[in-house]
Amino acid sequence: MVMEVTAPAWLHRFIIGKKGQNIGRITQQLPRVHIEFTDGEERISLEGPTEELVRMDYTEVIIEQRFHRHLIGKNGTNINRIKEQYKVSVRIPQDCERSGLVRIEGDPKGVQLARRELLEMVQRMVS
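Residues numbered from 1 in each chain as written. Predicted model: local features only at pLDDT ≥ 70, side-chain atom pairs only at ≥ 80, totals over all residues. Heavy atoms only, no water.

## Re helix α5 (residues 77-86)
Okay, step 1: Those residues of α5 that sit buried are Ile79, Ile82, Lys83 and Tyr86. Considered in projection along α5, the buried side chains sweep an arc of 100° and stay on one side of the axis.
Okay, step 2: Those residues of α5 hidden inside the fold are in contact with α2 (21-29), α4 (68-72), β5 (88-91) and α6 (108-126). (Buried < 20%, exposed > 50% of the residue type's maximum accessible area, 1.4 Å probe, protein only. Helix = DSSP H or I, 4+ residues; strand = E, 2+ residues; numbered from the N terminus. Arc of directions from axis to C-beta. Contact = heavy atoms within 4.5 Å.)

Encoded structure:
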């Protein structure tokens, strides 16, 4: 099966991650899926078995920017634990982006569990 996902070209580098870390994690979780980024185009092609492609999910949640550094934790300890525990990729915007949009990608169950944990962390900070 071939599937295309629309994503702005400027976002591709964040999906790939620093030194290919994010895309490496995805291909490690889904070894039979081939992912291709097309330069200058707003699409990503995914090719592989249907059951592998359908497994992927994402969600976006708005979290006030003032909480981002706490979600990340010292030296990334909080966010790295969540990524590892739930086998997801989490994109928290940099301060200069002035955005509260946090994106979580991966296995549908892991995405929902990571989302819940991030929101619970924010609730504890608000209280």
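Resuming the write-up.
## Some details on the layout of surface pockets
Okay, step 1: The computed volume of the largest pocket comes to approximately 820 Å³.
Okay, step 2: Lining the largest pocket are 30 residues, with Phe14, Asn22, Val90, Arg91 and Ile92 sitting closest to its centre.
Okay, step 3: Listed by contribution, the elements that provide at least two residues to the lining of the largest pocket are α1 (12-16), α2, α4, α5, β5 and β6 (101-106).
Okay, step 4: A class-by-class count of the residues in the lining of the largest pocket yields 10 nonpolar, nine polar and 11 charged. (1 Å grid on protein atoms, 1.4 Å probe; cavity = no way out; pocket = protein on both sides within 12 Å on 5 of 7 lines; lining within 4 Å. Points joined across faces, edges and corners; volume = space filled by probe spheres on them. Nonpolar A, V, L, I, M, F, W, Y, C, P; charged D, E, K, R; others polar.)

## Overview of the environment of Thr38
Okay, step 1: In this structure, Thr38 sits in the loop between β2 (34-37) and β3 (43-47).
Okay, step 2: Of the residues examined, Thr38 reaches a relative accessible area of 17% and is grouped as buried.
Okay, step 3: Linking Thr38 and Arg115, residues 77 residues apart in sequence, is a C-alpha distance of 29 Å.

## Overview of unusual backbone geometry
Okay, step 1: One non-glycine residue, Lys87, lies in the positive phi region at around 55°.
Okay, step 2: Tracing the backbone shows Lys87 in the loop between α5 and β5.
Okay, step 3: Overall, Lys87 belongs to the partly exposed group, its relative accessible area being 41%.
Okay, step 4: Of note, the phi angle at Arg98 is positive, near 50°, even though the residue is not glycine.
Okay, step 5: Locating Arg98 in the fold gives a position in the loop between β5 and β6.
Okay, step 6: Of the residues examined, Arg98 reaches a relative accessible area of 70% and is grouped as exposed.

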